[in-house]
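Chain by chain, the residues:
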Amino acid sequence: MRMIFVNLPIKDLPATRRFFTALGFSFNEQFSDDTAACMVVDENIFVMHLTEEKFAQFVTGKVGDPEQQTQALTCFSATSRQEVDDFKAKALAAGGREWKPNIEFGPMYGCSFQDINGNVWEFMHMDQSGGQG
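Calculation criteria
- Residues numbered from 1 in each chain as written.
- Predicted model: local features only at pLDDT ≥ 70, side-chain atom pairs only at ≥ 80, totals over all residues.
- Heavy atoms only, no water.
- Phe/Tyr/Trp six-rings, centres within 6.5 Å; stacked < 30°, edge-to-face > 60°.
- Helix = DSSP H or I, 4+ residues; strand = E, 2+ residues; numbered from the N terminus.
- Buried < 20%, exposed > 50% of the residue type's maximum accessible area, 1.4 Å probe, protein only.
- Polar contact = N/O pair within 3.5 Å; in protein donor to acceptor, adjacent residues only side chain to side chain.
- Pairing = 2+ DSSP bridges.

Draft legend 1. Region of interest: the packing of aromatic side chains. Across all of its chains, the model carries 10 aromatic pairs by this definition. The interplanar angle of 55° and the centroid separation of 6.4 Å between the aromatic rings of F19 and F113 together place this pair among those described as tilted. Here F19 is found in helix α1 (residues 13-22), whereas its partner F113 is found in strand β8 (residues 108-114), with 94 residues between them in sequence. Residue F19 is classed as buried on the basis of its relative accessible area of 2%. The buried category is assigned to F113, whose relative accessible area is 1%. Taking the centre distance of 6.1 Å and the plane angle of 45° together, the rings of F87 and F113 count as tilted. With F87 in helix α3 (residues 81-93) and F113 in strand β8, this pair connects stretches of sequence that are 26 residues apart.

Rendered as structure tokens:
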């Protein structure tokens, strides 16, 4: 069994924790401290929100600024079109920002937004039944 850790630089750790808690995520305190917050996505999937100073310890060169350049698109699956819309509404209400308009491409329907640090997140429903989720 493999585990996945997505590592992202963030500017404000307490605000980041509040934002993602408002979206329904929890944190593994065993791997969190005043420089990092380990967000649990699923049993073996985690997002490490690292202060820019902590993130810099793991990279060569400068830490990019997601407000200036898109560094990654982190996409979560959704169980329905309604879940996509609900998740985006929660993200915007918690302080996230619109990024691109919702997409509808064949069986795919999704949204994207920037978190409070400028990182881009997507939430995508892929209807495999041949209908409209």
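Having seen it, we continue.
Draft legend 2. How the structure looks around the side chain of N119. Looking at the element boundaries, N119 is found in the loop between β8 and β9 (120-126). What makes N119 buried here is its relative accessible area of 4%. Polar contacts involving the side chain of N119 include one to the main-chain carbonyl oxygen of P9, which spans 3.5 Å.

Draft legend 3. View of the pairing of strand β3 (residues 36-42). Here three bridges tie strand β2 (residues 26-28) to β3, and the two strands are oriented antiparallel to one another. Across the sheet, F27 pairs through a bridge with M39, a residue of β3. Here β3 pairs with strand β4 (residues 45-51) via six bridges, running antiparallel. Each residue of the ladder has a partner; that of D42, found in β4, is I45. Once β3 ends, the chain turns through two residues before running back antiparallel as β4.

Draft legend 4. How the structure looks around the side chain of S80. If you trace the backbone, S80 turns up in the loop between β5 (73-77) and α3. We classify S80 as buried; its relative accessible area is 18%. Here the side chain of S80 touches Q82 through a polar contact of 3.4 Å, landing on its backbone nitrogen.

Nothing here speaks to function; it is all geometry.
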